[in-house]
Amino acid sequence: MRILCTGGAGYVGSHCYRHFLAAGHEAVVLDDLSEGNTAAVPSGEIERVALADTEGLARVLRDQRIDAVAHFAALISVPASIKEPAAYWAVNAQGTQSLLDAMVSVGVDNIVVSSTAAVYDHDAPMPLSETSSLAPATPYGASKLATEHLVRDYAAAYGLRGTCLRYFNAAGAEPDGSHGECRRVASHVVPLLMMYALGQRDKFMVFGTDWPTPDGSCIRDFVALQDLASAHLLALEKAKPGHCGIYNLGTGEGTSVWEVVKAAREITGLALPVEEAPRRPGDPAVLVADSRRAREDLGWVPAHSTIRSILSNAWAWHSGQPKGY
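Residues numbered from 1 in each chain as written. Predicted model: local features only at pLDDT ≥ 70, side-chain atom pairs only at ≥ 80, totals over all residues. Heavy atoms only, no water.

J.: Would you mind going over unusual backbone geometry with me for this structure?
T.: Note on backbone geometry: most residues besides glycine have negative phi, and most peptide bonds are trans. Note that the residue after Met126, namely Pro127, is joined by a cis bond; omega there is 0 degrees. As for its position among the elements, Pro127 is in the loop between β5 (110–116) and α5 (139–158). Even without being a glycine, Leu33 presents a positive backbone phi close to 60 degrees. Within the fold, Leu33 resides in the loop between β2 (26–30) and β3 (46–47). Look at Leu272: it is not a glycine, yet its phi comes out positive at around 50 degrees. Among the secondary structure elements, Leu272 is positioned in the loop between α8 (257–268) and β13 (275–277). (Helix = DSSP H or I, 4+ residues; strand = E, 2+ residues; numbered from the N terminus.)

J.: What should I look at first to understand the nonpolar core in this one?
T.: One broad rule of soluble globular proteins: the nonpolar side chains tend to lie buried together. Counting residues in each nonpolar core, the largest one holds 34 residues, and the members touching the most others are Val12, Phe20, Leu165, Tyr167, Leu228, Leu249 and Trp300. When contributions to this core are tallied by element, the ones reaching two or more residues are β1 (2–6), α1 (11–22), β2, β4 (68–71), β6 (161–167), α7 (225–238), β11 (243–249) and α9 (292–298). Counting residues per element, this core draws most heavily on α7, at eight residues. What Phe20 contacts, discounting residues up to four positions off in sequence, is Ile3, Cys5, His25, Ala27, Ala70, Ala229, His232, Leu233 and Leu236. Membership of the second largest hydrophobic core comes to 27 residues, among which are Met194, Ala224, Val261 and Trp315. (Core = buried A, V, L, I, M, F, W, Y, C linked by side-chain atoms within 4.5 Å. Buried < 20%, exposed > 50% of the residue type's maximum accessible area, 1.4 Å probe, protein only. Contact = heavy atoms within 4.5 Å.)

J.: It is not clear to me how empty space enclosed by the protein should be interpreted in this structure. Could you clarify?
T.: One pass over the structure, following the stated rule, counts one cavity of 30 Å³ or more. If you trace the largest cavity, you find it lined by Tyr11, Gly172, Glu181, Val190, Pro191, Ala314 and His318. When residues of the lining of the largest cavity are traced back to their parent elements, those giving at least two are α6 (189–197) and α10 (307–320). Residues of the lining of the largest cavity, tallied by class, amount to four nonpolar, two polar and one charged. (1 Å grid on protein atoms, 1.4 Å probe; cavity = no way out; pocket = protein on both sides within 12 Å on 5 of 7 lines; lining within 4 Å. Points joined across faces, edges and corners; volume = space filled by probe spheres on them. Nonpolar A, V, L, I, M, F, W, Y, C, P; charged D, E, K, R; others polar.)

J.: What is the right way to look at the pattern of salt bridges in this model?
T.: Throughout the structure, instances matching the rule amount to 13 salt bridges. Here Arg293 and Glu130 are joined by a salt bridge, their closest N and O atoms 3.9 Å apart. Residue Arg293 is located in helix α9, and its partner Glu130 is located in the loop between β5 and α5; the two are separated by 163 residues in the primary sequence. The residue Asp283 makes a salt bridge to Arg280 at a minimum N-O spacing of 2.9 Å. (Salt bridge = Lys/Arg side-chain N within 4 Å of Asp/Glu carboxyl O.)

J.: Looking at this structure, how should I read the packing of helix α2 (residues 54–63) against helix α4 (residues 85–106)?
T.: The geometry of a pair of packed helices is captured by two quantities: the angle between their axes and the separation between those axes. The N-to-C vectors of α2 and α4 enclose an angle of 45 degrees; their axes lie 8 Å apart at closest approach. It follows that α2 is oblique to α4 by the angle criterion. The handedness of the crossing between α2 and α4 is right-handed. Along its contact with α2, which presents Thr54, Leu57, Ala58, Leu61 and Arg62, the element α4 presents Ser98, Leu99, Asp101, Ala102, Met103, Ser105 and Val106. (Axes fitted to C-alpha atoms, helices over the stretch in contact; angles between N-to-C directions. Parallel < 35°, antiparallel > 145°, perpendicular 65-115°, else oblique. Left-handed = near helix turned anticlockwise from the far one by under 90°.)

J.: Hey, could you run me through the sheet that holds β2 in this one?
T.: Either a parallel or an antiparallel arrangement is found when strands of a sheet pair, and the pairing is made through backbone hydrogen bonds. The strand order across the open sheet built from seven strands is β3-β2-β1-β4-β5-β6-β11, with neighbouring strands paired in parallel fashion. Across the chains shown, the open sheet's two edge strands, defined by having one partner strand only, are β3 and β11. Both β2 and β3 contribute to a ladder of two bridges, which runs parallel. Bridging across to β3, Val29 finds its partner in Ile46. (Pairing = 2+ DSSP bridges.)

J.: What exactly am I supposed to notice about α5 here?
T.: Count 3.6 residues to each turn of an α-helix, and residues three or four apart come out pointing the same way. Over its 20 residues, α5 extends 28 Å from the first C-alpha to the last, a length consistent with the 28 Å expected when each residue adds 1.5 Å. Every buried residue belonging to α5 is among Tyr140, Gly141, Ser143, Lys144, Leu145, Ala146, Thr147, Glu148, Leu150, Val151, Tyr154 and Ala155, and all of these are buried. Residues of α5 that are buried sit in contact with α3 (78–83), α4, β5, β6 and β11. Gly159 occupies a position one or two residues after α5 and carries a positive phi of about 75 degrees. (Expected span 1.5 Å × (residues − 1).)

J.: Would you take a moment to explain the packing of aromatic side chains for this structure?
T.: Within a pair of aromatic rings, the relevant descriptors are the distance that separates the centres and the angle that separates the planes. Using the criterion set out here, one finds three aromatic pairs in the structure. Ring geometry for Tyr154 versus Tyr158: centroids 5.2 Å apart, planes at 50 degrees, classification tilted. Separated by four residues within a single helix, Tyr154 and Tyr158 lie in helix α5, roughly one turn from each other. Between Trp317 and Tyr325, the ring centres sit 4.9 Å apart and the planes meet at 45 degrees, which makes this aromatic pair tilted. What makes Trp317 buried here is its relative accessible area of 1%. Tyr325 sits in the partly exposed class, given a relative accessible area of 30%. (Phe/Tyr/Trp six-rings, centres within 6.5 Å; stacked < 30°, edge-to-face > 60°.)

Dropping the structure here:
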């Protein structure tokens, strides 16, 4: 299979790109490099095309003889989406429609899309299953739900094989420390904590210590890059014509922010004093996945997603490459 990875120079996309190659497939990276890193792509070969450029996307799909698309390109910051919703709708929703139009125009019929747990009603009972109520609380979540609807509708109308993978908290790095998370602006708990441990940030904030959880901090379901990559390949291999599959990707076990901090202290050997701060808008108290559907339909097993493994790999990356790529 020859796979186009949109956003393939980004955090999750570049790891999946390498996973596809290691599994014996061919892969091509497409990225406008607004967020991605050239050095994250081992070959250094990148098709620099924006999602809004439908004709450019069609050219790449045709000239590169693409069989399937793994669509990672998106804007993902929850706080930023609240401040700049127009950008999120333009890239996440309209950009995906442009990609789907390009696929239909050249006859590429298989796509797996990165979605998110942010599409759910965060007041729904935990763990969240694919049938839990949907009520995005932010423009980010709303734009990603719109993306899912586009894939569903194009699958029904044009016979595409579509899959939407609802990530919970993507985290970690390559075990050897060769590749990891390197964003223009860090916003996720694991890289922020690693950067703080290295003295690259002057503080680490725990947002909300009065949540209705055992220790008062938010609880999240962390899933390792290695497990996300295996899910994408399984989804492409098992997709069905005219159908859009929806799957949660998580472990089913939540880890609190305080538990993450404690594990990071043990792994780094540093005291890591932290500051308590008010809750952030759009944050739920608990987000934990029920991933039985992915296990049963795809045969997916999250084998690398313990918090200690995730933090150990992240520490190897950040301490070994303190300036990133």
